Amino acid sequence: MIKIGLIDFTPEDKVLSIIDKNNVVKAKYAIDKNDMWKHSLMGDNYIEISFFLNSYVAFKRADYILWEGEKFSIRYDYQPEQQNKRKYKYTLKFEAVDMFLKDIQYYYLSQDLKESEWRLFGNPEYFIKIAVDNANRYFGTTDFKIGNIEPTEAKDILFDVNTTIFDALTQIAEEYDAEWYVTDKIIHLVNKLEFGDEVDFETEVSVLEMKRDEGDKKEKYTRILALGSERNIPRNYRETTEGEGVDAIYSKRLRIPSAKGSVIDAYPNMANDEAIEGTVIFDNVYPKRVGTIQAVETIEYQDKDQETGKITKWDAYKIKDSALVFKDEYLLPGIDLRLQFVSGDLNGMDFDLFFKEKGFTQTDNSQYFEIKRNDDYGKDLPNATLKPKVGDKYVLYGFDIALVGDQYVPTAEQELYDEALEWLEKQQRDTSVYECPTAIQHFTKNNLDLDLGQRVRLLLDKSDRSSRIMGFEKKLNNIYDATYTVGDNPTYSRFNKIEKEIKELQVEGMAQSQAGSIYIIKNIDSTRPTDFNVFSSKKSLNAFHRKDQTDETDYLQKFNKGIEVGGFIDSMSHGRGANIDEHGNAQFESVASRSSIITQEFIFNRLQANESDSVYTESGVIESVNEIEENTFLVHFKKRWETDFIAFHKDDILRGVVNTLTQGGAYYTSYVRVLDVNTSSNQATILVYSNSEVPAQKNYPPTSLMIMHRWGNVIDESRQTTWFTSSREGRMVFLQGVNKPILNDNNYGSFWGLPIGLKVLEHLPINPQHPYLMARGIIYQDALKIDRDWNIVPEVIDKLDWKADTYYSDGSKEPYEIHEVWHNGCKWRCIVDGTIQEPKWNATDWVLISGDSRLSMALDSTNGTVFRAGFVDTAFIARVYFGNTDITDDIAATDWEWLRESSNPYSDMAWISEHNSATNRVDITDADVVGLKTKFICRAFVRYGDQIIKTEDFKTI
């Protein structure tokens, strides 16, 4: 067993045991600050650790660790990165059991056979059972179980060759618009993984930031032309009218009901210039009749091999459905009659049909359909094993269904409308994803260790959003140091995904597709490539350089525009990666030459950089150490130059750091007190502080090559100040009054950089990830406030009452002031620089900050409110108010609506039609009053920003 890291000085709960497949511990590993656990919904679930070793150690597939009671294993034999002869870099990924589902085929298991490519019409529980059966088959256990299954609808799903369980589960979830996950080898399929009370995520309180990504960035239509399939469309279907969009596709596909219009909008009253138009085809929707097979018979055929003369006999199948009366005149010219099974052994499969008007059997002269055998599914079907049976359900297509019955087309049109509407509603979902790194102190204090599905509430600037955890990355040494991925819409990523649009089968070097036959150039085929043939997969792998794995070639590769490596950034001080441009100019991190470097000019640009801490006090490098007595040492310092003598004084506190250069390069820190100094011999007698007197509660004796510097002095106040910078901590610090190794808050006189965890700063709104300056005093001339993106934060100025013909600023220009004014009892903020516009409810240059913004309507009568039958003569006038401001005149004439409700609804509809052009006034006479009571309603639709708000009032006569 090997030890990796400071095992002897690390708490047991921070040590991982790496165990081989025989349950033998092969290594102990001390968790590092960068080690992490990553888990995402229907995605990765692994633990990653990194370290260095001075010799090669083999880590194999099935080596595992235990974390929080769960087993995480290596999936691939690991090969480390050898940096030199005695330094190997390891980055080990231990994956959860659900990641091993990527290695297991999703076979259809039937009669001890394994079907690699298959399709099935079934419910989700049955699909999950097949996944469970394959997992148990692979691991040789019965541990995998079916968990919570929420979807219930039966679906027809095709699984391609080499589909893994992992990809199959994702495909199933996508088909059902659902989500899958695994707990303790139990596979669940739920509509949405979410649980628990909402946990608030607030920037600079519980999380450091909420970095938003749009998620699904594809264009979202808000107005769609929904078209169904071409199947079973009558010859005279929906003759087009003037003004309709017509093309070759549109005219022969199913459309939504005429009463619904020609397109579907995402929300009502959408103006044309607001719409994002698109056409969506729902090929699964067409007029159909689901029939039931009532009888099955066979017809014997025989094939003769022309070369050998061998005769092979086989059976074709014919089926009968007495409930259907079919005729030759139903067939469409140039279109094959086809059948698709929707249940039984052949569920989901398609076949050509021969229609026969009579002769089902010798005793039964009724009509029937003969199924034309094909090998589209990898074998000749139907056959003796997979064949039609009595009771199987089927759908016919490729004929004029309107001649069979007039109910199928309207039903299909409504189905198309419903499915398109559901699709459009899903399109409008907010797909934003937020990356939220935790405020560690808050999560620690509240013991927040969140899991996938935990409900959260994002407290955003303009609104709150209820969401849930979709993924996380947690540090192993501190589970509260995490980054959570928050969102609502799952991502369906299949590792062996084949796009749904590609429907082709390879037969004898040809690919059959909707476009016809395409010649495939195989690996050993020398056919010249053209626009009308394609390379096979093997030919492509051998002809083209691989992007998904390491590849090589025996041929010269030319890069006319240059080469970039490792995310290249062009900078001599902050650069990254490497680059050779098209002119041959190169920039690298370092170059090692085994023989010589030949150049015409050598330009040396010295860049000084310091690793870890730089301390600006007296210092020295230890040459040798001799122990005088327990915890007391005689230390001899190196002469770094001829006149170099140690500058330490008696009672100085020295601090030293050394890299052990073993077991991953651990650092040891030593604190000592100077008892005596011999300047002439460059020696000092020092006393090592006890463990309890140093910050880490573990002190080490000084060693050779250790760099020591003055930290402070026990007595001399003039030697108790120190300046140091730390790239590790990310700050520059001035220390004062240092008279012992452990610092108090009052020792920190000043710092610039990442804040120190001082008690005085605990309750301040400080972001620990951003730099700050702390000092007793500051002298400055100009001050500009900026945000985290270095944008200027303007000052908000209250300009009191609004004045006409006065220019107001939105803060975008110097002197960076945002003006706010009071007008009509409301407070308004300027959003367009240099405006003189009056602030009001629909102003484009102002936004309401405070005040009454309620919309209301008052409906008044010009002739009182009490009326007698036969003497009604009045006008109803509506006024609309934004708070106390009358905005009636700002409402467009088309945004008014008058309604009437009486005992005669047909008369009401006529009245409404007659008054459809009325605005805020209608005249009412006896002729407008019906029955004992008539209600008149006025509505106004107020366009406020991107909203349309309805307000109304009514009068009853």
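What you are looking at is a predicted structure, and each value in this text was computed from that prediction instead of being measured.

**A look at the packing of aromatic side chains**
Evaluation of the coordinates by the stated rule reveals 41 aromatic pairs. Aromatic rings pair up to connect W37, F72, F201, F443, F472 and Y484 into one cluster. Lying over the aromatic face of W314, R373 brings its terminal NZ or CZ to 3.7 Å of the ring centre.

**As for empty space enclosed by the protein**
In this approach, a probe sized like a water molecule rolls over the atoms, and the result shows the empty space that is left. Within the structure shown, the criterion is met by two cavities of 30 Å³ or more. In this structure, the largest cavity spans a volume of roughly 50 Å³. Contributing to the lining of the largest cavity are H823, N824, C826, W828, P839, K840, W841, F882 and T885. Class assignment for the residues of the lining of the largest cavity results in five nonpolar, three polar and one charged. Space inside the second largest cavity adds up to approximately 30 Å³. Around the second largest cavity, the lining residues are R289, L324, Y394, L396 and F399. When grouped by side-chain class, the residues that make up the lining of the second largest cavity number four nonpolar, no polar and one charged.

**Notes on the nonpolar core**
Counting residues in each nonpolar core, the largest one holds 74 residues, and the members touching the most others are I49, F51, F59, L92, L101, Y106 and F201. Setting aside its immediate chain neighbours within four residues, I49 contacts L16, I18, Y29, D35, Y90, T91, L92, F94 and L476.

**Looking at the side chain of S206**
Position of S206 among the secondary structure elements: in the loop between strand 17 (195-201) and strand 18 (211-213). A polar atom in the side chain of S206 sits 3.1 Å from the backbone oxygen of D200. In terms of polar contacts, S206 uses its side chain to reach the backbone amide nitrogen of E202, at 2.8 Å. Apart from the residues within four sequence positions on either side, S206 is in contact with D200, F201, T438, A439, H442 and F443.

**Re the environment of P268**
Relative to the assigned elements, P268 resides in the loop between strand 20 (264-265) and strand 21 (277-281). Given a relative accessible area of 62%, P268 falls into the exposed group. Sequence separation of P268 and K933 is 665 residues, and the distance between their C-alpha atoms is 32 Å.

**Let's talk about the packing of helix 1 (residues 124-139) against helix 2 (residues 165-175)**
Packing of helix 1 against helix 2 brings their axes to within 10 Å, and their N-to-C directions diverge by 170°. The angle between the axes of helix 1 and helix 2 places the two elements in the roughly antiparallel class. Counting all contacts with helix 1, which are made through F127, I128, A131, N134 and A135, the residues of helix 2 involved are I165, L169 and I172. The residue makeup of the contact of helix 1 with helix 2, split by class, is seven nonpolar, one polar and no charged.

**Observations concerning the sheet that holds strand 58 (residues 896-901)**
Strand order in the open sheet made by the three strands is 58-60-61, with antiparallel pairing throughout. Bordering the open sheet on either side are strand 58 and strand 61 (947-956), each of which pairs with just one other strand. Pairs of neighbouring strands in the sheet enclose a mean axial angle of 20°, with direction left out of account. Bridging between strand 58 and strand 60 (residues 935-944) involves six bridges; their strand directions are antiparallel.

**With respect to unusual backbone geometry**
Note the cis peptide between L381 and P382, where omega equals -5°. With respect to the helices and strands, P382 occurs in the loop between strand 27 (368-371) and strand 28 (393-397). Note that the residue after E814, namely P815, is joined by a cis bond; omega there is 15°. By the element assignment, P815 lies in the loop between strand 51 (795-801) and strand 52 (817-823). Positive phi, close to 60°, is recorded for N269, a residue that is not glycine. Mapped onto the secondary structure, N269 falls in the loop between strand 20 and strand 21. The exposure class assigned to N269 is exposed, which follows from its relative accessible area of 58%.

**Observations concerning the pairing of strand 21**
What you see with strand 21 is a clean split: G278 and V280 sit on the buried side and E277, T279 and I281 on the side with no burial. Where strand 19 (residues 223-227) lies against strand 21, five bridges are found, and the strand directions are parallel. Residue pairing across strands places A226 opposite V280, the latter belonging to strand 21.

**Observations regarding the sheet that holds strand 24 (residues 311-320)**
Pairing in this open sheet of seven strands is antiparallel, and the strands run 22-28-25-26-27-24-23 from one edge to the other. The open sheet has two edge strands with one neighbour each: strand 22 (290-292) and strand 23 (295-304). Looking at each pair of strands side by side, their axes are set apart by 40° on average, direction ignored. Here strand 25 (residues 338-341) pairs with strand 28 via four bridges, running antiparallel. Each bridged residue has a counterpart across the sheet, and for F341 the counterpart in strand 28 is Y394.

**As for a nonpolar patch on the surface**
Together, Y616, W723, M732, W752, L773, I778 and Y780 give the surface a local cluster of nonpolar side chains, amounting to about 840 Å² of exposed area. As for its placement among the helices and strands, L773 is situated in strand 50 (residues 772-774).

**Considering the confidence of the model for the protein**
Averaged over all residues, the pLDDT of the protein is 86; the fraction at 70 or higher stands at 90%. Here residues 245-251 is modelled with pLDDT under 50, and outside its nearest four sequence neighbours on either side it reaches nine contacts, counting other chains as well.

**Section: the pattern of salt bridges**
On inspection of all chains with the given rule, the structure shows 48 salt bridges. A salt bridge links R338 to D352; the shortest N-O distance between them is 2.5 Å. Of this pair, R338 sits in strand 25 while D352 sits in strand 26 (residues 350-356); the two residues are 14 residues apart in sequence, bridging distant segments of the chain. Measuring nitrogen to oxygen at the nearest pair gives 3.2 Å for the salt bridge that ties K827 to E820. Of the residues examined, K827 reaches a relative accessible area of 16% and is grouped as buried. Given the relative accessible area of 4%, E820 is considered buried. One salt-bridge network, in which partners are shared between bridges, spans K192, E194, R455, R465 and D488.

About the criteria used
Residues numbered from 1 in each chain as written. Predicted model: local features only at pLDDT ≥ 70, side-chain atom pairs only at ≥ 80, totals over all residues. Heavy atoms only, no water. Phe/Tyr/Trp six-rings, centres within 6.5 Å; stacked < 30°, edge-to-face > 60°. Lys NZ or Arg CZ within 6 Å of the ring centre and 35° of its normal. 1 Å grid on protein atoms, 1.4 Å probe; cavity = no way out; pocket = protein on both sides within 12 Å on 5 of 7 lines; lining within 4 Å. Points joined across faces, edges and corners; volume = space filled by probe spheres on them. Nonpolar A, V, L, I, M, F, W, Y, C, P; charged D, E, K, R; others polar. Core = buried A, V, L, I, M, F, W, Y, C linked by side-chain atoms within 4.5 Å. Buried < 20%, exposed > 50% of the residue type's maximum accessible area, 1.4 Å probe, protein only. Contact = heavy atoms within 4.5 Å. Helix = DSSP H or I, 4+ residues; strand = E, 2+ residues; numbered from the N terminus. Polar contact = N/O pair within 3.5 Å; in protein donor to acceptor, adjacent residues only side chain to side chain. Axes fitted to C-alpha atoms, helices over the stretch in contact; angles between N-to-C directions. Parallel < 35°, antiparallel > 145°, perpendicular 65-115°, else oblique. Pairing = 2+ DSSP bridges. Patch = residues over 30% accessible without salt bridge, like charges linked within 9 Å, V, L, I, M, F, W, Y side chains within 5 Å. Areas by Shrake-Rupley, 256 points an atom, 1.4 Å probe, with all protein chains shown as cover. Salt bridge = Lys/Arg side-chain N within 4 Å of Asp/Glu carboxyl O. pLDDT = per-residue confidence, 0-100.

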